[in-house]
Amino acid sequence: MLPESNEIIRQPLAADAPAIAPLLLLAMGSLADYFTSGSDREQQIQLFTLFIQKTGNQYSFENTMVYEENNTILGASNGYDGSKLIQLRKDFVEYITQQYNVEFPETENETEPGEFYIDCVCVSPISQGKGIGKKLLSAMQNKGKILGFSKVGLLVSIHNIKAKKLYEGLGFKVVKNKKFMGDDYYHMQYPIPN
């Protein structure tokens, strides 16, 4: 007989940051290299652990939900009020400018006022394909609804056809194309039903 799976989606604690940071790096891909001037993975994990532990920034534990199974965090997602992006990004940009000599480019904001923006959805490679990403997206949509938003937004690379199809299957629609950090993205939104 197989043991029962104990799965929950919850708001993490600051102490969960070391388990969340490697997952966040998966979702970021080459952006993590850019933010740390090509530093090694350990330094990248340290950077994001630091900011996940802090409050008042886009990567903070307070803006994150985690999927946990048998007391192990296997997925995470973060999201926030799109109108607060500049404020939430400020400390991070200042830190990487000072520590890694990174010049954050003038770029179109990935979100906009009036939407609850899902910044990252990340699932451990050993747990992908089990619906965890969908569960995290649903939790973030619900969080947006609880906070009083009428729509949820996210970006997906125009090259990531599989992810675009997944989001469309969940009710997201492309509202515009955006240029962000030198790449092309679809800005997709999901209208939250009343």
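So, here's what we can say about the structure. The structure displayed is predicted, hence computed values, not measured ones.

What counts as what
- Residues numbered from 1 in each chain as written.
- Predicted model: local features only at pLDDT ≥ 70, side-chain atom pairs only at ≥ 80, totals over all residues.
- Heavy atoms only, no water.
- Core = buried A, V, L, I, M, F, W, Y, C linked by side-chain atoms within 4.5 Å.
- Buried < 20%, exposed > 50% of the residue type's maximum accessible area, 1.4 Å probe, protein only.
- Helix = DSSP H or I, 4+ residues; strand = E, 2+ residues; numbered from the N terminus.
- Salt bridge = Lys/Arg side-chain N within 4 Å of Asp/Glu carboxyl O.
- Pairing = 2+ DSSP bridges.
- Axes fitted to C-alpha atoms, helices over the stretch in contact; angles between N-to-C directions.
- Left-handed = near helix turned anticlockwise from the far one by under 90°.
- Contact = heavy atoms within 4.5 Å.
- Nonpolar A, V, L, I, M, F, W, Y, C, P; charged D, E, K, R; others polar.

### Considerations on the nonpolar core
Point 1. Grouped together as the largest cluster of nonpolar side chains are 36 residues, with contacts concentrated most on Phe-35, Phe-48, Ile-52, Tyr-59, Phe-92 and Ile-96.
Point 2. In terms of residues, this core owes the most to one element, helix H1 (residues 17–28), which gives seven residues.
Point 3. Core analysis: the next-biggest nonpolar cluster, separate from the first, contains 15 residues, Met-140, Val-156, Ala-163 and Met-188 among them.

### Considering the pattern of salt bridges
Point 1. Tallied over the entire structure, the rule returns nine salt bridges.
Point 2. Of the charged contacts, one joins Arg-89 and Glu-110 as a salt bridge, the two residues approaching to 2.4 Å between their closest N and O atoms. Placement of Arg-89 in helix H4 (residues 85–100) and of Glu-110 in the loop between H4 and strand S4 (116–123) is noted, with a sequence separation of 21 residues between them.
Point 3. Across the pair Lys-164 and Glu-168 runs a salt bridge whose closest N-O atoms are separated by 2.9 Å. Taken together, the positions of Lys-164 and Glu-168, both in helix H6 (residues 161–169) and four residues apart, correspond to about one turn of that helix.
Point 4. According to the relative accessible area criterion, Glu-168 is partly exposed, its value standing at 36%.

### With respect to the environment of Thr-97
Point 1. Considering the arrangement of structural elements, one finds Thr-97 in helix H4.
Point 2. Residue Thr-97 is classed as partly exposed on the basis of its relative accessible area, which comes to 37%.
Point 3. Sequence separation between Thr-97 and Phe-35 is 62 residues, and the spatial gap between their C-alpha atoms is 8.7 Å.

### Quick look at the pairing of strand S7 (residues 183–191)
Point 1. Both strand S5 (residues 151–157) and S7 contribute to a ladder of seven bridges, which runs antiparallel. Along S7, the bridge assignment pairs Gly-153 with Gln-189.
Point 2. Hairpin connection, strand S6 (residues 173–180) to S7: the antiparallel pair is bridged by two residues, and Met-181 has positive phi, about 50°.

### Focus: the packing of H1 against helix H3 (residues 41–53)
Point 1. Interaxial distance between H1 and H3 falls to 8 Å at its minimum, and their mutual angle equals 115°. Crossing of H1 against H3: the hand is right-handed. Residues Ala-17, Pro-18, Ile-20, Ala-21, Pro-22, Leu-24, Leu-25 and Met-28 of H1 lie in contact with H3, whose contacting residues are Arg-41, Gln-44, Ile-45, Phe-48, Thr-49, Ile-52 and Gln-53.
Point 2. Of the residues in the contact of H1 with H3, the class split is 11 nonpolar, three polar and one charged.

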